[in-house]
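Overview (structure and organization)
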Amino acid sequence: MATRGFIGKRPADEIGNRLPPGQYLTEDFPVLSAGPTPHVPLEKWSFTIKDGVRPVATWNWDEFAKLPHVKLTRDIHCVTKWSKFNTAWSGVMIDDILAEAGIAAPSAFTLAHGSDGYTTNVPTADLIDGKAMVATAYEGKPITADHGGPARLLVPHLYFWKSAKWVTGLQFTQRDEAGFWELRGYHMYGDPWREQRFTGD
Ligand SMILES: Nc1nc2c(c(=O)[nH]1)N[C@H]1C(S)=C(S)[C@@H](COP(=O)(O)O)O[C@H]1N2
Ligand SMILES: [Mo]
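Procedures and definitions
Residues numbered from 1 in each chain as written. Chains lettered and ligands numbered in written order. Predicted model: local features only at pLDDT ≥ 70, side-chain atom pairs only at ≥ 80, totals over all residues. Heavy atoms only, no water. Core = buried A, V, L, I, M, F, W, Y, C linked by side-chain atoms within 4.5 Å. Buried < 20%, exposed > 50% of the residue type's maximum accessible area, 1.4 Å probe, protein only. Helix = DSSP H or I, 4+ residues; strand = E, 2+ residues; numbered from the N terminus. Pairing = 2+ DSSP bridges. Axes fitted to C-alpha atoms, helices over the stretch in contact; angles between N-to-C directions. 1 Å grid on protein atoms, 1.4 Å probe; cavity = no way out; pocket = protein on both sides within 12 Å on 5 of 7 lines; lining within 4 Å. Points joined across faces, edges and corners; volume = space filled by probe spheres on them. Nonpolar A, V, L, I, M, F, W, Y, C, P; charged D, E, K, R; others polar. Polar contact = N/O pair within 3.5 Å; in protein donor to acceptor, adjacent residues only side chain to side chain. Contact = heavy atoms within 4.5 Å. Near = heavy atom within 4 Å. Areas by Shrake-Rupley, 256 points an atom, 1.4 Å probe, with all protein chains shown as cover. Sits in = over half its atoms within 2 Å of the grid points. Salt bridge = Lys/Arg side-chain N within 4 Å of Asp/Glu carboxyl O.

A word on the nonpolar core. One finds Phe47, Ile49, Phe64, Ile94, Ile97, Val134 and Leu153 to be the most contacted residues of the largest nonpolar core, which totals 29 residues. Among the elements of the structure, strand 4 (46–51), strand 5 (54–60), helix 2 (61–65), helix 3 (94–101) and strand 13 (167–173) are those that each provide at least two residues to this core. Listed in part, the 13 residues of the second largest apolar core include Leu72, Ile76, Leu154 and Phe160.

In structure tokens, the structure reads:
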């Protein structure tokens, strides 16, 4: 049943249009991590692009800070069913990272890596053309460690498990290789609008 009237100050139909099936709206920002929060000092941080096993570009924190930063405000959707509207990030678009590396994406599949050993696969097409960034700030402040700081991937149009926290790099792969949750039964693509939560959805 559609909710009539208003929830807070937001018309119910506006919520309905922006809320994917099976999701509810939350105002807080839950933390979901598979393990303990890693604390990476900025002087030890780096971000690397790999083509298969071959590193093709790497930045330390100071170098990464000099890349063009943009703001992105997007709704996010977690597979545990919470959605949060208008999350405001800033960071470096994957397009600009590739441009700075002087390469075009070398393959159709990407595996994102986190410093906690987490991985998640995203089709390369879903990372480029203005769709995704490596975020370094949330709501105008450095991203807190529990939300993936100093830097996390942001792929807001897919379920939020695709947005790897503590991201250390992107690895282009020849095949679509399952990441941490995808190996444990979660969907290889994860489109919230098609409710692609689990394998077979
Ligand atoms: N490196 C890493 N990234 C991760 C995770 C993780 O455990 N490790 N959890 C994922 C999951 S399941 C979700 S829902 C979101 C949660 O992000 P948040 O804690 O900022 O809400 O991060 C994703 N990225
Ligand atoms: Mo999640």
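Now that the structure has been shown, the text picks up again.
What follows is about the sheet that holds strand 9 (residues 119–123). Paired through backbone hydrogen bonds, the strands of a sheet run either parallel or antiparallel to each other. Ordered by their spatial adjacency, five strands build an open sheet running 5-4-13-8-9, and the pairing between neighbours is mixed. Two strands close off the open sheet at either side, each with one partner strand: strand 5 and strand 9. Going from strand to strand, the sheet's axes swing by 20° on average, the running direction of each strand aside. Bridge count for strand 8 (residues 109–114) against strand 9 is five bridges, and the pairing is antiparallel. Considered in strand 9, the bridge of phenylalanine 109 is made with proline 123.

Taken as a whole, the largest pocket spans an internal volume of roughly 370 Å³. Along the wall of the largest pocket there are 22 residues; nearest its centre are Leu32, Ser33, Tyr118, Trp161 and Trp181. Looking at the lining of the largest pocket residue by residue, the class counts come to 15 nonpolar, four polar and three charged.

Residue position: threonine 110 is located in strand 8. At 2.9 Å, the side chain of threonine 110 and the side chain of threonine 124 are in polar contact. Beyond its immediate chain neighbours, meaning those up to four positions away, threonine 110 contacts Thr120, Asn121, Val122, Thr124, Leu127, Leu170, Gln171, Phe172 and Thr173.

The environment of ligand 1 is made up of 20 residues, and the closest members are Pro30, Ala34, His147, Arg152 and Lys165. For ligand 1, a nitrogen atom lies 2.8 Å from a polar atom in the side chain of aspartate 116. Note that an oxygen atom of ligand 1 is positioned 2.7 Å from one of the side-chain N or O atoms of arginine 152. Here ligand 1, which alone exposes 530 Å², has 97% of that area covered by the protein. Comparing atom positions with the cavity grids shows ligand 1 to sit within the largest pocket. Each residue belonging to the shell around ligand 1 can be placed in one class, and the counts come to 13 nonpolar, three polar and four charged.

Let us look at the side chain of glutamine 23. Mapping glutamine 23 onto the fold places it in the loop between helix 1 (12–18) and strand 3 (24–25). Only 3.0 Å separates the side chain of glutamine 23 from the backbone oxygen of cysteine 78, close enough to count as a polar contact. Reaching out from glutamine 23, the side chain makes a polar contact with the backbone oxygen of tryptophan 82 at a distance of 3.1 Å. With residues up to four places along the chain from it excluded, the contact list for glutamine 23 reads His77, Cys78, Lys81, Trp82, Ser83, Tyr159 and Arg197.

What follows covers the pattern of salt bridges. As enumerated under the stated definition, the model contains six salt bridges in all. Aspartate 75 is the partner of arginine 18 in a salt bridge, and the nearest nitrogen-oxygen pair spans 2.7 Å. Remark: aspartate 75 occurs in strand 6 (residues 70–77) and arginine 18 occurs in helix 1; sequence separation between them is 57 residues. Judged by relative accessible area, arginine 18 falls into the partly exposed class, the value being 23%. Because the salt bridges share partners, they merge into one network encompassing Glu14, Arg18 and Asp75.

This part is about the environment of proline 156. Counting through the fold element by element, proline 156 comes out in the loop between strand 12 (152–154) and strand 13. Residue class for proline 156 comes out buried when judged on its relative accessible area of 5%. Each C-alpha atom, one on proline 156 and one on aspartate 129, is 13 Å from the other, the two residues being 27 residues apart in sequence. Filtering out sequence-adjacent residues up to four positions away, proline 156 remains in contact with Arg74, Asp75, Ile76, His77 and Lys131.

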